Amino acid sequence: MDPTDMFKHILVPVDNDAGTHRAIEQAIALAQGAGARVTGLHVMMEFNSIGIVEELIEPPQDQLRQLARAYADELFSPLVHEAECAGVACETIAVQGDQPWKTIVAKAAESGCDLIVMASHGRHGIAKFMLGSETQQVLTHTGIPVLVVH
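These notes cover the structure that comes with them. Computed from a prediction, not measured in an experiment: that's the story for all the values here.

Let us look at the overall build of the protein chain. Broken down by element type, the protein chain carries 6 helices and 5 strands. Starting at the N terminus and ending at the C terminus, the protein chain contains elements arranged as β-α-β-α-α-β-α-β-α-α-β. Within the protein chain, buried positions represent 37% of all 150 residues. The long-range fraction of contacts in the protein chain, counting pairs at least 24 apart against all pairs at least 6 apart in sequence, stands at 78%. For the protein chain, the computed accessible surface area is about 8600 Å², with 55% contributed by carbon and sulfur atoms.

Looking now at the packing of helix H1 (residues 19-34) against helix H3 (residues 61-86). At their nearest, the axes of H1 and H3 sit 10 Å apart, and the two run at 25° to each other. Put simply, H1 runs roughly parallel to H3. Note that H1 runs across H3; the crossing there is right-handed. Residues His21, Ile24, Glu25, Ile28 and Gln32 of H1 lie in contact with H3, whose contacting residues are Pro78, Leu79, Glu82, Ala83 and Ala86. Across the contact of H1 with H3, the residue classes break down as 6 nonpolar, 2 polar and 2 charged.

Attention shifts here to H1. One turn of the α-helix equals 3.6 residues, which is why residues spaced by three or four share an orientation. With 16 residues, H1 should cover 22 Å at 1.5 Å per step; its first-to-last C-alpha distance of 23 Å lies within 8% of that length. Residues Gly19, Thr20, Ala23, Ile24, Ala27, Ile28, Ala31 and Ala34 constitute the buried set of H1. Immediately downstream of H1, the backbone of glycine 35 shows phi near 70°, a positive value.

Here we come to the layout of surface pockets. If you add up the space inside the largest pocket, you get close to 430 Å³. If you go around the largest pocket, you meet 22 residues; those closest to its centre are Val14, Asp15, Pro100, His121 and Glu134. Of all the secondary-structure elements, those providing two or more residues to the lining of the largest pocket are H1, strand S2 (37-44), H3, helix H4 (100-110), strand S4 (115-119) and helix H6 (134-141). Tallying contributions element by element places S2 first for the lining of the largest pocket, with 3 residues. Each residue belonging to the lining of the largest pocket can be placed in one class, and the counts come to 13 nonpolar, 5 polar and 4 charged.

For the rest of this paragraph, the subject is the sheet that holds S2. Taken in spatial order, the 5 strands make up an open sheet running S3-S2-S1-S4-S5, and their pairing is parallel. A single partner strand is all that each edge strand has here, and the edge strands are strand S3 (90-96) and strand S5 (146-149). Mean inter-strand twist for the sheet, computed between neighbouring axes without regard to direction, equals 20°. Two strands pair when backbone bridges link them, and S4 and S5 are joined in this way by 4 bridges, in the parallel orientation. What sits directly across from isoleucine 116, in S5, is valine 146. In this fold H3 packs onto S2 and S3, with an angle of close to 155° to the strand it touches most, S3.

Where H4 meets H6, the axes come as close as 9 Å, and the angle between the chain directions of the two elements is 40°. Put simply, H4 runs oblique to H6. For the crossing formed where H4 meets H6, the hand is right-handed. Counting all contacts with H4, which are made through Pro100, Trp101, Ile104 and Val105, the residues of H6 involved are Glu134, Gln137, Val138 and His141. Residue composition of the contact of H4 with H6, by class: 5 nonpolar, 2 polar and 1 charged.

So, how was this worked out
- Numbers given for residues are sequential positions, taken from 1 along each chain in its written order.
- In keeping with the model being predicted, local features are shown solely for residues with a pLDDT of at least 70 and side-chain atom pairs are shown and tallied solely at 80 or more, while totals for entire chains, interfaces and linings include all residues.
- Only heavy atoms go into the side-chain values, all of them from the structure, while hydrogens and water stay out.
- Helix and strand assignments come from DSSP, with helices taken as H or I runs of at least 4 residues and strands as E runs of at least 2, each series counted from the N terminus.
- To sort residues, take the accessible area from a 1.4 Å probe on protein chains only and compare it with the maximum for the residue type: under 20% means buried, over 50% means exposed, and anything in between is partly exposed.
- Contacts are assigned to residue pairs that have any heavy atoms within 4.5 Å of one another.
- Surface accessibility in these figures is a Shrake-Rupley result with a 1.4 Å probe; residues are shielded only by whichever protein chains are displayed.
- All axes are obtained by fitting lines to C-alpha atoms, using only the stretch in contact for helices, and the reported angles, taken between N-to-C directions, cover 0 to 180 degrees.
- Any angle from 65 to 115 degrees is called roughly perpendicular, while one under 35 is roughly parallel, one over 145 is roughly antiparallel, and all others are oblique.
- Here a crossing is taken to be left-handed if its near helix is turned anticlockwise relative to the far helix by less than a right angle, and right-handed if that turn runs clockwise.
- In this classification, Asp, Glu, Lys and Arg are treated as charged, Ala, Val, Leu, Ile, Met, Phe, Trp, Tyr, Cys and Pro as nonpolar, and every other residue, Gly included, as polar.
- Multiplying 1.5 Å by the residue count of a helix minus one yields the expected span of that helix.
- Of the two site types, the cavity is a set of points on a 1 Å grid over the protein atoms alone where a 1.4 Å probe fits but cannot get out, and the pocket is an open set with protein on both sides within 12 Å along at least five of seven lines, each lined by residues with an atom within 4 Å of a point.
- Grid points are joined across faces, edges and corners, and a volume is the space filled by probe spheres set on the points.
- Two strands make a pair as long as DSSP finds a minimum of two bridges between them.

Written as structure tokens, this is what we have:
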């Protein structure tokens, strides 16, 4: 099978986890070998100001969104740089969501991705039980192949 027939559009969820860089490296190498493009996705936290107290101690919603987008752009920087160096087409998407796995699954389907490359955060014990696993949720809820990078 010709590797260029395998994948055409790879989604790479990015966050501030150390494993994200390894996922980026794998995604770029696969994309370069297959002639695919990559899309970086960062799921920003939802902002829910409820009352006047929050408004007194938090910046306004639009300022929070700008700060979140600037942070997302910072997180995308290694992906964009590696893609440019490898000659791989790359775009980035930053969206708000309260459950990252749902956003990852939805955006992968919506964008026509045929592979998701994401890091395993490697939580164990009670942390895994309490926090859940975004990677596990993606694996459970998508029909798109997922490459988990440790």
